[in-house]
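Below, each chain spelled out in residue letters.
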Amino acid sequence: MSDIIQLLPDHVANQIAAGEVVQRPASVVKELVENSIDAGATSITLLLKDAGKALIQVIDDGKGMSATDARLSFERHATSKIKDAQDLFNLNTKGFRGEALASIAAIAHVELKTKQEDDELGTQIKIEGSEITSQEVVSTAKGTSIAVKNLFFNIPARRNFLKSDTVETRHIVDEFQRVALAHPNISFLLHHNNNEVYHLKKSNLRKRIVAIFGTKMNEKLVPINEQTDIITVNGFVAKPEFAKKKRGEQFFFVNNRFIKSSYLNHAVVNAFEGLLESGSHPSYFLYLEVPANTIDINIHPTKTEIKFDNEKALYAILRATVKHSLGQYNVAPVLDFDRDSTLDTPYDYSKKSGSSVPPITVDPTFNPFKTETSYKEPSSSSSSPKSTTTHSYQSNFKKDTGSWEALYTNTDTIEPAQQEQLFESEQETETGKTFQIQKKYLLSSIKSGVVLIHQSLAHQRVLYEEFLENITVKEASSQQLLFPVNISFSSSDIEMIYSIKSDLESAGFMFDEFTKESVVIAGIPTSISESQITLILEQLLDDIKLEVPDTSFSHFDVMAKSFAKSLAIKTGTTLNHKEQENLVNNLFSCKEPNISPFGKPTFKTLALNEIDAIFNK
């Protein structure tokens, strides 16, 4: 029997390994920028074209490489970061595996220019699909410039899996923000399609956060600062009133490396206990410094997961630190058990012994219905419960809904006819086929049984089809605002809104001006109100960030879903009988009434035989 195991060629092995390291353009950005930081750069420029699919170029002023190092850097497992296995447990650099450049070169066209400070000339290397096409001496500035073009040119199937330019740009911006937040002492510049998205100057941490997320972020931040033997915690958390419905601005950095940790996130959320509404998530920017030998970074290809030696202690310290800062800056109430209770007593009362209960006086003759012409003081006999004397104010009070005697007489003496009259107003006078249950569901009777409808999901379906029809079939109608609305967003969000500007205008929005931190809206669709503009745009941005799939309608489908989700009636809303009927009728007038825009069932039908089976078990 012949041998069947064979060694894969280098270019095939490189493409397989590239699948783990380079998942999308954002992966390339992360690896290249981190290499620049490891090279000691003080200024880093990132240039993008077509969301990184056409070009990703990173330029830095780091220490550069020699001609030999430049060529060797593209070999697999070639690195300057570690020398032996023990170094894996004492890492002080971003990279250490030596796989990034080899993986990138395997699936793109790469052009590298680099020069060390003491050299007169630098080195230029061009690579296409792991093959070096040229290496020559070139005049260039100190540092390194690496351009990655035509990503996945030799793996077309992988290129087809990429999302829209808007989504891919969002992922690149996320990676850029994480690196920029971890290193406020480095200046960063980001250009996309010749438009400046970020220009971050060297600054402190607070200024860096404000520069990335907008000037309004400054008022939201609460400082965090704690130092112990096993961990040092610095950074900021946002005040509870600025909590968001989505998990967006949540950043953990361990030794200046961005990580994801649901365990540590729980510690922060726990510190906000009692301060947040249900379903809200706090924003935070927390920097943890721990000894390098107490963590293991080499457990995930993207290096965003870290194993700690003493997770429970870190959890307790982090929770206590955040809780202390919230109390220290008067964000949360603090219990001070050492406070002297006598400090709350006014000086005038401190020497008084005892206290007296203030007297209460009642005027027994007061009657709010007393008039000069029609009322006389009733005699003692008329005060009897069984008296049949009727005064004018009493007869005037009698209405169909009740009686004066029924309200002011002992219930033991009420006649049966009076009892019936007393509770008559509490009976339901209007009967219909639709009922609301727990302010969440609608129950509607049909010939074959009953239909249980989820009111919020049903309204989402109605609004979704209505918006989609207005955007795609009909000509969207817009209403001009008397006073244009100025809404603040982060630079990346402004870039995203600008990229879908034409789609929003087709939906009925009208824009006056775009700046780096705000957008001025002059008109809105007639179906929404001015107070809902911010809510709708934030929901739309969140849906795009979460990669709601694009359809043949470009962003129209995403927009219709976001609008419907933002404006639909929420659970807990009371609907009158007319509103209930309208919602049911509108739902079953939809093209697909069975499911919500997000694929959840809107109603459930219970046939009579199913109901009978419940009671005949």
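That block above? That's the structure.
Residues numbered from 1 in each chain as written. Predicted model: local features only at pLDDT ≥ 70, side-chain atom pairs only at ≥ 80, totals over all residues. Heavy atoms only, no water.

**Q** Hey, could you run me through the overall build of the protein chain in this one?
**A** Helices and strands together make up the secondary structure of the protein chain, namely 19 helices and 22 strands. Burial status across the protein chain gives 42% buried among its 617 residues. Sequence separation of 24 or more characterises 67% of the internal contacts of the protein chain that already satisfy a separation of 6 or more. By element, 50% of the accessible surface of the protein chain is carried by carbon and sulfur atoms, the whole surface being about 35500 Å². (Helix = DSSP H or I, 4+ residues; strand = E, 2+ residues; numbered from the N terminus. Buried < 20%, exposed > 50% of the residue type's maximum accessible area, 1.4 Å probe, protein only. Contact = heavy atoms within 4.5 Å. Areas by Shrake-Rupley, 256 points an atom, 1.4 Å probe, with all protein chains shown as cover.)

**Q** What am I meant to see in the pairing of strand S2 (residues 55-60) here?
**A** Along any regular strand the residues' side chains alternate between the sheet's two faces. Most of S2 sits inside the fold, with five of its six residues counted as buried. By the bridge criterion, six bridges tie strand S1 (residues 43-49) to S2 in an arrangement that is antiparallel. Its bridge partner lying in S2, Leu46 is registered against Val58. Linkage of S1 to S2, two consecutive antiparallel strands, is achieved through a turn of five residues, within which Asp50 is found at a positive phi near 55 degrees. With six bridges joining them, S2 and strand S6 (residues 143-149) adopt antiparallel strand pairing. Within S6, the residue paired with Ile59 across the bridge is Ser145. (Pairing = 2+ DSSP bridges.)

**Q** What is the right way to read the pattern of salt bridges from this model?
**A** Any two side chains of opposite charge can pair, given that their charged atoms come close. In this structure the tally under the stated criterion is nine salt bridges. We note a salt bridge from Asp493 to Arg170, for which the minimum N-O separation is 3.3 Å. Of this pair, Asp493 sits in helix H14 (residues 491-499) while Arg170 sits in helix H6 (residues 165-182), placing them 323 residues apart in sequence. Judged by relative accessible area, Asp493 falls into the buried class, the value being 11%. Three or more residues joined by partner-sharing salt bridges are found here, namely Arg170, Asp174 and Asp493. (Salt bridge = Lys/Arg side-chain N within 4 Å of Asp/Glu carboxyl O.)

**Q** Help me understand the packing of helix H8 (residues 262-271) against helix H9 (residues 311-328), please; the structure alone is not making it clear to me.
**A** Packed helices, taken two at a time, are described by their axes: the angle between them and the distance between them. Direction vectors running N to C along H8 and H9 enclose 30 degrees, while the axes themselves pass 8 Å from each other. As far as their axial angle goes, H9 and H8 are roughly parallel. The element H8 and its partner H9 pack so that their crossing is right-handed. Between H8, through Tyr263, Leu264, His266, Ala267, Val268, Asn270 and Ala271, and H9, the contact on the second element is made entirely by Glu311, Lys312, Tyr315, Leu318, Arg319, Val322, Lys323 and Leu326. Of the residues that constitute the contact of H8 with H9, the class distribution is nine nonpolar, two polar and four charged. (Axes fitted to C-alpha atoms, helices over the stretch in contact; angles between N-to-C directions. Parallel < 35°, antiparallel > 145°, perpendicular 65-115°, else oblique. Left-handed = near helix turned anticlockwise from the far one by under 90°. Nonpolar A, V, L, I, M, F, W, Y, C, P; charged D, E, K, R; others polar.)

**Q** How should I be thinking about the side chain of His183 in this particular structure?
**A** Tracing the backbone through its elements, the reader meets His183 in the loop between H6 and strand S7 (187-192). Residue classification places His183 among the buried residues on the basis of a relative accessible area of 9%. Not counting chain neighbours up to four residues away, the residues in contact with His183 comprise Ile37, Lys94, Phe188, Arg208 and Asn256.

**Q** How do you make sense of the sheet that holds strand S10 (residues 232-238) when you look at a structure like this?
**A** Here five strands make up an open sheet; going across it, the order is S9-S10-S13-S11-S12 and the pairing mixed. Only two strands of the sheet have a single neighbouring strand rather than two, namely strand S9 (221-227) and strand S12 (257-259). Across this sheet, the average inter-strand angle for adjacent strands is 20 degrees, counted without regard to direction. Note: S9 against S10, seven bridges, orientation antiparallel.

**Q** Looking at this model, I keep getting lost on the sheet that holds strand S22 (residues 603-607). Mind explaining?
**A** Strand order in the open sheet formed by four strands is S16-S17-S18-S22, with antiparallel pairing between adjacent strands. Looking at strand neighbours, the two that pair on one side only are strand S16 (434-437) and S22, the edges of this open sheet. Taking the axes of each pair of neighbouring strands and ignoring which way they run, one obtains an average angle of 20 degrees across the sheet. Summarising the sheet, strand S18 (residues 449-454) and S22 pair through five bridges and their orientation is antiparallel. Pairing of Leu452 across the sheet is with Lys604, part of S22.

**Q** What should I look at first to understand the packing of aromatic side chains in this one?
**A** Between two aromatic rings, the relevant description is the distance of the centres plus the angle of the planes. Tallied over the full model, the rule gives 15 aromatic pairs. Geometrically, the ring pair formed by Phe213 and Phe251 is tilted, given 5.9 Å between the ring centres and 55 degrees between the ring planes. One end of the pair, Phe213, is in helix H7 (residues 205-213); the other, Phe251, is in strand S11 (residues 250-254), and 38 residues separate them in sequence. Across this residue pair, the class does not change: Phe213 and Phe251 are buried. Here Phe588 and Phe603 contribute two aromatic rings whose centre-to-centre distance is 5.1 Å and whose plane-to-plane angle is 55 degrees, an arrangement assigned as tilted. Residue Phe588 is located in the loop between helix H18 (577-587) and S22, and its partner Phe603 is located in strand S22; the two are separated by 15 residues in the primary sequence. The exposure class of Phe588 is partly exposed, given its relative accessible area of 41%. Linked through ring pairs, Phe213, Phe251, Phe253, Phe258, Phe285 and Tyr287 together constitute an aromatic cluster. When the ring centre of Phe598 is taken as origin, the NZ or CZ atom of Lys565, which lies over that ring, is 5.3 Å away. (Phe/Tyr/Trp six-rings, centres within 6.5 Å; stacked < 30°, edge-to-face > 60°. Lys NZ or Arg CZ within 6 Å of the ring centre and 35° of its normal.)

**Q** Looking at this model, I keep getting lost on the packing of H6 against H14. Mind explaining?
**A** Packing of H6 against H14 leaves a shortest axis separation of 11 Å and a crossing angle of 170 degrees. In terms of axis orientation, H6 runs roughly antiparallel to H14. Side by side, H6 and H14 meet where Thr166, Arg170, Val173 and Gln177 of the first sit next to Ser492, Asp493, Met496 and Ser499 of the second.

**Q** Explain H14 to me, please; I cannot follow it from the model alone.
**A** In an α-helix there are 3.6 residues to a turn, and that puts residues three or four apart on one side. Burial within H14 is extensive, with seven of its nine residues counted as buried. All of the buried residues in H14 are Ser491, Ser492, Asp493, Ile494, Glu495, Met496 and Ile497.

**Q** I tried to follow a negative patch on the surface on my own but got confused; where do I start?
**A** On the surface, Glu117, Asp118, Asp119 and Glu120 cluster together into a patch of negative charge. Its location among the elements puts Asp118 in the loop between strand S3 (109-115) and strand S4 (122-128). (Patch = residues over 30% accessible without salt bridge, like charges linked within 9 Å, V, L, I, M, F, W, Y side chains within 5 Å. Lys, Arg positive; Asp, Glu negative; His and termini not counted. Charge placed at Lys NZ, Arg CZ, Asp CG, Glu CD.)

**Q** When you look at the environment of Glu31 in this model, what are you seeing that I'm missing?
**A** Structurally, the position occupied by Glu31 is in helix H2 (residues 25-38). The sequence separation of Glu31 and Lys94 amounts to 63 residues, and the corresponding C-alpha distance is 8.7 Å.

**Q** Looking at this model, I keep getting lost on the nonpolar core. Mind explaining?
**A** Across soluble globular proteins, nonpolar side chains have a tendency to be buried as a group. In this structure, Leu32, Leu46, Val148, Leu181, Phe188, Ile209 and Phe285 are the most contacted members of the largest nonpolar core, which totals 55 residues. When near neighbours in sequence (up to four residues on either side) are disregarded, Ile209 contacts Leu181, Gly214, Met217, Leu221, Phe236 and Phe285. Listed in part, the 35 residues of the second largest apolar core include Met496, Phe509, Leu541 and Ile544. (Core = buried A, V, L, I, M, F, W, Y, C linked by side-chain atoms within 4.5 Å.)

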